[in-house]
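Residues per chain, in single letters:
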Amino acid sequence: MKFKKDIIKTGLEKKLLVKYGKKLSEGLDFEIYDALSQTIMEEIGGSWKATEDRYNKGREAFYFSAEYLMGRAFSNNLINLGVYDGVVELLEELNIDINKIESAESDAGLGNGGLGRLAACFIESMATLNLPGTGYGIRYRFGMFRQQFEDGFQVEYPDNWLKYGDPWSLRKDRDKVEIRFNKDESVMAVPYDTPIIGYGTNNINTLRLWQAEPVEELDLGEFNEQNYVEAMREKNEAENISRVLYPNDDTDEGKKLRLKQQYFFTSASLQDIVRKFKLKHGTDFSLLPDFTSIQLNDTHPVVAIPELMRILIDVEGLLWGDAWKIVKKTFAYTNHTILSEALEKWYTELFKQVLPRIYNIIVRIHVQFQELLEEKYPADLERRKRMAIIDEDTNLIHMAWLAIHGSYAVNGVAALHTEILKNAELKDWYELYKGKFQNKTNGVTQRRWLLKSNPELSGLITELIGDNWITDLSELKKLETHVTDENILNRFLDIKNIKKEQLAGFIKGNTGIDVDTDSIFDVQVKRLHEYKRQILNIFHIMDLYNRIKEYPDMKVTPKTYIFGAKAAAGYFRAKGIIKLINEVAKAVNNDPDVDGRIKVVFVENYNISPAELIFPAADISEQISTAGKEASGTGNMKFMMNGAPTLGTLDGANVEIVEEAGIENNFIFGMKVEDIVELKKSGYNPTEVMNETKGLKRVMDQLIDGTYDDGGTGMFKELYDALLVGASWHAPDHYFVLQDFNDYRKVRESIDDAFEDRLGWAKKAWMNISNAGKFTSDRTIAQYAKEIWKIEGKKIK
Ligand SMILES: *Cc1c(COP(=O)(O)O)cnc(C)c1O
């Protein structure tokens, strides 16, 4: 977009006056943010419409995701439009601080973590690559909860992100549709469209999020008191459907409202797609797969498969067989996890009650699939049972199975993950549907995670290799020749320091803690989950602290251990780990024997905006999940492009990161997938490992001897038992924390010397940046476009 200063200025003034009745000098930060954003919305209106018209003509990909973790839009949009500098200048002239205007925007936190952020990166890449694609999802009234620590415990508060409105979305009443759950229950789905602005292009894609509302507008005049109360109840029930994001990451909630949410947005989106298809092509639905590819982001939107069957059969009058052929050519499914607790299953009873017609359709798909299996594997009853879409012993509907059977493509999200799917978790399915399986290693958008969040490093990169990297990250490889240039390495270190200073300021405000920016910033930020093993990190800190207490004069390279993580509200053990980290932090940070040499910082309410400060400031990227459990990870990629070596296991995309940047530039430790298979076979005895590993028993004992206080909740004893005794649902230490402890300590301590060699360290960091090209979501999306969606970029004028 061409920056037209006078138009932006006039727009800003007008909006401020009309909407808030204020002159520029009187506007509050939020009001100026709102007026400026609306002005930009008006300026892009023409391109947005032109893009839509263009995409409507041909084949299009639709991304179905229950989550979009967008963060703030303002600066990112200005940057992608190429008007950021112009706006900064204008605001300076008007004596307005752009940072304050930026901060007035709430994060759109409509996602839990990696999966939701991936969806956000993907739609941004689609727009930048001029790909005909639309995102569909839910406009939650309340996003991911706001986390607060009270006495070291996590407490959840509602995230009221729409309190002041959202200038970046447009309500489209004209396109609302009715969603019918069963005979006497239906709601309206009203779309809100957000422009997804590509970098350096006029293409503007759309994210369409649905909001639930009652079918009947309230006509208060008509009501007596009784009806009024009843009507309000109905309104509330309808609105409940899009009220709140389920704050679960990698666990299956299995609740009725969750199923309603899933059906609500997939049905609305399909009705929208079918309506547009009919405008262009009439009712020859055999053409639908020629023009439509629908990507299912995990199993959350998989109910779309039977829903499209319903629309084609019940509404459009197709025969079952014809409809099924169309459906199977329309959907593609992304698997995000092999954790069994995350694989969605629904009790048939509940499903039947909420969605009776959809249930019947699933039953028929299930029966026909069993017939197919019987033909294929007549003697293998066990296999047929394992693959049953409806498990007739447990009465559970297995959504992942429905997804694989009903799609034309199935993909994992990193090379290792896809191999595990093919050879273990989905082996039966791979044998049946070999041709469907593909890998698409995840990526992140460098526009947000480097260009916007690290302008200092971006400036240096552009100075050295030009700015093509902004849309072609493989260009970063050209930086590698500078790895021997001390002047450049020193400039990198200076930039890292600036970012650490900035983060230190944020930490001071967020936690009240002063941190030493010369210390190693060792960072683990991600959802709190046992498989991610934050407990391994804190165990090492507890052990180091014990040794400092024993030998206060020991040499300690100063370190700041930074955590950020939310635990699902009902995940007791994860909340116990948060409390433990906070207790250790309190002890370490206030102990004169430690003398500030190590600090432990737990950033409250980790989400996108803090993340944008954290990644650029990190010296070390902690990626220490149990091998085989982290499907890909994307935080690891954000660290890498900002020059933080990985301290990690060979898990998920870490494998590919090390492949690209060199093992000597990262810190790899712990068991590999094969080692774990072996150890399980030979019998794992965590108690023995604890007793044989120096310092580990002491750390474990401190969980139960009162060294750290869990406020009488029993949380720490529960952590202790999980590792040594197990629980009804798992063997002791099933994520192998104790087994990997010693190796983790060893490699973690090798970092100290490496860090003190400042130029040597900068080299490692620089090699990571230079080889981060693979991990752009542009590459991932180009692969989806070519290998799954079969769509091509179309640039509008
Ligand atoms: C990138 C990101 C994640 C995903 O992090 P992982 O380490 O891959 O689990 C989660 N939350 C936020 C806010 C992110 O930016």
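Predicted, not measured: the structure shown is a model, and the values here were computed from it.

Here is what the cut-offs are and how they apply
- Residues numbered from 1 in each chain as written.
- Predicted model: local features only at pLDDT ≥ 70, side-chain atom pairs only at ≥ 80, totals over all residues.
- Heavy atoms only, no water.
- Phe/Tyr/Trp six-rings, centres within 6.5 Å; stacked < 30°, edge-to-face > 60°.
- Helix = DSSP H or I, 4+ residues; strand = E, 2+ residues; numbered from the N terminus.
- Buried < 20%, exposed > 50% of the residue type's maximum accessible area, 1.4 Å probe, protein only.
- Lys NZ or Arg CZ within 6 Å of the ring centre and 35° of its normal.
- Pairing = 2+ DSSP bridges.
- Near = heavy atom within 4 Å.
- Polar contact = N/O pair within 3.5 Å; in protein donor to acceptor, adjacent residues only side chain to side chain.
- Areas by Shrake-Rupley, 256 points an atom, 1.4 Å probe, with all protein chains shown as cover.
- Axes fitted to C-alpha atoms, helices over the stretch in contact; angles between N-to-C directions.
- Parallel < 35°, antiparallel > 145°, perpendicular 65-115°, else oblique.
- Left-handed = near helix turned anticlockwise from the far one by under 90°.
- Contact = heavy atoms within 4.5 Å.
- Core = buried A, V, L, I, M, F, W, Y, C linked by side-chain atoms within 4.5 Å.
- Expected span 1.5 Å × (residues − 1).
- Bend = angle between axes of the 7 residues up to and from the residue.
- Patch = residues over 30% accessible without salt bridge, like charges linked within 9 Å, V, L, I, M, F, W, Y side chains within 5 Å.
- Salt bridge = Lys/Arg side-chain N within 4 Å of Asp/Glu carboxyl O.
- Lys, Arg positive; Asp, Glu negative; His and termini not counted.
- Charge placed at Lys NZ, Arg CZ, Asp CG, Glu CD.
- Right-handed = clockwise from strand over helix to strand, strands pointing away.

Caption draft 1: Up close: the packing of aromatic side chains. A full pass over the atoms with the stated rule returns 25 aromatic pairs. Aromatic pair Y33 and F74: ring centres 5.8 Å apart, planes at 70 degrees, arrangement edge-to-face. On the criterion of sequence distance, the pair formed by Y33 in helix 2 (residues 29-57) and F74 in helix 3 (residues 74-81) is long-range, its members being 41 residues apart. Taken individually, Y33 and F74 each receive the classification buried, so the pair is uniform in this respect. Summarising the aromatic geometry, the rings of Y430 and F437 are spaced 5.4 Å apart at their centres and angled 80 degrees between planes, so their arrangement reads as edge-to-face. With respect to class, Y430 is no different from F437; both count as buried. Sitting above the plane of the W449 ring, K638 keeps its charged end 4.3 Å from the centroid.

Caption draft 2: Region of the structure containing the sheet that holds strand 15 (residues 396-398). Taken in spatial order, the three strands line up as 13-15-14 in an open sheet, and their pairing is antiparallel. Each of the sheet's edge strands pairs with one partner strand only, and the pair in question is strand 13 (345-347) and strand 14 (390-391). One ladder, built from two bridges, connects strand 14 with strand 15; its direction is antiparallel. When the sheet's bridge partners are listed, I390 is paired in strand 15 with I397.

Caption draft 3: The arrangement of the site of the ligand in detail. Within the structure, the ligand sits among 13 residues, and K526, K532, T634, G635 and K638 are positioned closest to it. Taking K526, its side chain carries an N or O atom lying 2.7 Å from an oxygen atom of the ligand. At a separation of 2.6 Å, an oxygen atom of the ligand approaches a polar side-chain atom of K638. Protein chains bury 95% of the 390 Å² of accessible surface belonging to the ligand in isolation.

Caption draft 4: Molecular detail of the packing of helix 20 (residues 486-511) against helix 23 (residues 608-617). With their axes 8 Å apart at the nearest point, helix 20 and helix 23 run at an angle of 140 degrees to one another. It follows that helix 20 is oblique to helix 23 by the angle criterion. Pair helix 20 / helix 23 crosses with left-handed handedness. Residues K496, K499, K500, L503 and F506 of helix 20 form the contact with helix 23, whose participating residues are P610, L613, I614, F615, P616 and A617.

Caption draft 5: The arrangement of the environment of Q271 in detail. Mapping Q271 onto the fold places it in helix 8 (residues 256-281). It is 8.6 Å that separates the C-alpha atoms of Q271 and L308, two residues lying 37 residues apart in sequence. Those residues in contact with Q271 that sit more than four places away from it in its chain are V177, E178, I179 and I311. Here the side chain of Q271 touches E178 through a polar contact of 3.0 Å, landing on its backbone oxygen.

Caption draft 6: Looking closely at the nonpolar core. Grouped together as the largest cluster of nonpolar side chains are 108 residues, with contacts concentrated most on F64, F264, F351 and W789. If you tally residues by element for this core, the top one is helix 8, at nine residues. Aside from chain neighbours lying at most four places away, what touches F264 is I179, F181, V187, M188, A189, W210, Q211, A212 and I241. Among the nonpolar cores identified, the runner-up in size contains 65 residues, and I520, I541, F563 and V594 belong to it.

Caption draft 7: Spatial organisation of helix 2. Its 29 residues give helix 2 an end-to-end C-alpha distance of 41 Å, which sits within 8% of 42 Å, the value for a rise of 1.5 Å per residue. Along its length, helix 2 reaches its greatest deviation from straightness, about 45 degrees, at I44.

Caption draft 8: Spotlight on a negative patch on the surface. Together, D29, D85, E89, E92 and D97 give the surface a local cluster of negative charge. For the negative patch, the leading source of residues is helix 4 (residues 84-93), giving three residues. One can find E89 in helix 4. Note on E89: relative accessible area 46%, which makes it partly exposed.

Caption draft 9: Quick peek at the pairing of strand 18 (residues 520-525). The buried count for strand 18 comes to six of six residues, which makes it a mostly enclosed element. Residue alternation in strand 18 divides its side chains into two sets, I520, D522 and Q524 and F521, V523 and V525, and both sets are buried. Bridge count for strand 18 against strand 19 (residues 559-564) is six bridges, and the pairing is parallel. Bridge pairing in strand 19 places V523 opposite I562. Tracing the backbone out of strand 18, into helix 21 (residues 534-550) and back to the parallel element strand 19 gives a crossover that is right-handed. As paired elements, strand 18 and strand 21 (residues 620-623) share two bridges and run parallel to each other. When the sheet's bridge partners are listed, D522 is paired in strand 21 with I620.

Caption draft 10: Seen up close, the sheet that holds strand 20 (residues 598-603). Taking strand neighbours across the sheet as the criterion, the six strands line up as 20-19-18-21-22-23 in an open arrangement whose pairing is parallel. Each of the sheet's edge strands pairs with one partner strand only, and the pair in question is strand 20 and strand 23 (667-668). Sheet strands in contact with helix 20 are strand 18, strand 19 and strand 20, and its direction is about 70 degrees off that of strand 20. Its contacts with the sheet put helix 22 (residues 572-589) on strand 19 and strand 20, and the angle it makes with strand 20 is roughly 145 degrees.

Caption draft 11: Spatial organisation of the pairing of strand 1 (residues 60-64). The buried fraction of strand 1 amounts to five of the five residues, a majority that puts the element mostly inside the structure. A two-sided burial pattern is seen for strand 1, the buried positions comprising E60, F62 and F64 on one face and A61 and Y63 on the other. Across five bridges, the pairing between strand 1 and strand 11 (residues 292-297) is parallel. Its bridge partner lying in strand 11, A61 is registered against S293. With four bridges joining them, strand 1 and strand 4 (residues 133-138) adopt parallel strand pairing. Directly across from Y63, in strand 4, lies its bridge partner G135.

Caption draft 12: Region of the structure containing unusual backbone geometry. Unlike most non-glycine residues, N130 shows phi in positive territory, near 60 degrees. As for its placement among the helices and strands, N130 is situated in the loop between helix 6 (114-128) and strand 4. Not every positive phi belongs to a glycine, and K790 is a case in point at roughly 55 degrees. Its place among the elements puts K790 in the segment after helix 32 (777-789). For K790, a relative accessible area of 53% puts it in the exposed group.

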